[in-house]
Amino acid sequence: VLLNIGRTQLRLGRTQEALEYLDRATQKAPKFAAAWLATVDGLLQDHRGDEALEATTVLLGLENSAIAHDAHGRALAAVGQLQEARTAFERARGLAANPADVLNNLAALERIDGNPLEAKSLLEQALSFDPNRVEYWNNLGLAELDDDDVLEAMACFEHGLGIDPHHAPIRLNLALLQWQIG
């Protein structure tokens, strides 16, 4: 119950309340990996990367799964340990039946490293697993912009909006792009 309340609070953007419930959940059931995973998500939303990294250490001690390694990679990236994050994401990729989220996270690292072609390739792979994930279309559009391909970026943003017209990040990116090009 505490886990479900915590997850609901996270979805509603009530990070502080969520973390209180999740802290109680991990105290009551310290070996419950799902509670630790939700705690990591909450800490990352609250920009508390060091604490998220500590939580992923516990999570990895509980299970050697794609989800645990992906969470560890996200926490490492949040504290600026990009090479270690890449290693964690590669481990997650090797364990995942559907590596779409991991591919998306690897693409983010490639964008940070200034490799838009590699980022685009990873995002296209992610979309092959989940073609209706608006976040991937948004990120592909950003990678297209990194590669100076404005028309492809616009096409990606428009495609994503066709899937979910209420997705705020993609709406903003498309509006900014349209404003820039006039």
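Thresholds applied
Residues numbered from 1 in each chain as written. Predicted model: local features only at pLDDT ≥ 70, side-chain atom pairs only at ≥ 80, totals over all residues. Heavy atoms only, no water. Helix = DSSP H or I, 4+ residues; strand = E, 2+ residues; numbered from the N terminus. Rg over C-alpha atoms; globule rule 2.2 N^0.38 Å. Contact = heavy atoms within 4.5 Å. Areas by Shrake-Rupley, 256 points an atom, 1.4 Å probe, with all protein chains shown as cover. Expected span 1.5 Å × (residues − 1). Buried < 20%, exposed > 50% of the residue type's maximum accessible area, 1.4 Å probe, protein only. Core = buried A, V, L, I, M, F, W, Y, C linked by side-chain atoms within 4.5 Å. Salt bridge = Lys/Arg side-chain N within 4 Å of Asp/Glu carboxyl O. Arc of directions from axis to C-beta.

Participant: Would you mind showing me how to read the overall build of the chain here?
Facilitator: A count of helices and strands for the chain gives eleven helices and zero strands. In sequence order, the secondary structure elements of the chain are arranged as α-α-α-α-α-α-α-α-α-α-α. The C-alpha atoms of the chain give a radius of gyration of 17 Å, which matches the 16 Å a tight globule of 182 residues would have. Here the C-alpha coordinates of the chain stretch approximately 55 × 30 × 25 Å along the principal axes. Counted over contacts in the chain with a minimum sequence separation of 6, partners at least 24 positions apart contribute 44%. Counting every atom, the chain has about 9,700 Å² of accessible surface; 51% of that belongs to carbon and sulfur.

Participant: Please clarify how helix H4 (residues 49-62) should be interpreted in this entry.
Facilitator: In this model, H4 (14 residues) spans 20 Å end to end at C-alpha, consistent with the 20 Å of a helix rising 1.5 Å per residue. Where H4 is buried, its residues contact helix H3 (33-45) and helix H5 (66-78).

Participant: It is not clear to me how the side chain of Thr15 should be interpreted in this structure. Could you clarify?
Facilitator: One can find Thr15 in helix H2 (residues 15-28). A residue is classified by how much of its surface remains accessible, and Thr15, at 12% relative accessible area, is buried. Beyond its immediate sequence surroundings of up to four residues, Thr15 is in contact with Gln9, Leu10, Gly42, Gln45 and Asp46.

Participant: Explain unusual backbone geometry here, please?
Facilitator: With glycine set apart, most residues show a phi of negative sign, and most peptide bonds adopt trans. Unusually for a residue other than glycine, His47 sits at a positive phi of about 60°. Within the fold, His47 resides in the loop between H3 and H4. A positive phi angle, near 60°, is found at Asp148, a position not held by glycine. Locating Asp148 in the fold gives a position in the loop between helix H9 (134-146) and helix H10 (150-163).

Participant: What's the story with the nonpolar core in this structure? I'm lost.
Facilitator: One recurring pattern in soluble globular proteins is that nonpolar side chains are buried together. Within the largest apolar cluster, 46 residues are counted, with the highest numbers of intra-cluster contacts made by Leu59 and Phe157. The residues touching Phe157, leaving out its near neighbours within four places in the chain, are Trp137, Asn138, Gly141, Leu142, Leu145, Ile170, Asn173, Leu174 and Leu177. Leu2, Leu3, Ala18 and Ala25 belong to the second largest nonpolar core, which has eight residues in total.

Participant: What am I meant to see in the pattern of salt bridges here?
Facilitator: Where charged atoms from two side chains of opposite charge come close, those side chains can pair. For the coordinates displayed, the defined rule picks out twelve salt bridges. Two residues, Glu51 and Arg48, come together in a salt bridge whose shortest N-O distance is 2.8 Å. Taking relative accessible area as the criterion, Arg48 reaches 25% and is therefore assigned partly exposed. Among the ionic pairs, Asp147 bridges to Lys120, the shortest N-O distance being 2.7 Å. Remark: Lys120 occurs in helix H8 (residues 116-129) and Asp147 occurs in the loop between H9 and H10; sequence separation between them is 27 residues. For Lys120, a relative accessible area of 12% translates into the label buried. Counted as one network, the salt bridges with shared partners bring together Asp41, Asp70 and Arg74.

Participant: Would you explain helix H1 (residues 2-11) in this entry?
Facilitator: For the α-helix, the turn length of 3.6 residues means that residues three or four positions removed from each other point alike. Here H1 has its buried residues at Leu2, Leu3, Gly6, Gln9 and Leu10. Across the axial projection of H1, the buried residues extend over an arc of 125°, all falling on one side. Positive backbone phi, at 80°, marks Gly13, one or two positions downstream of H1.

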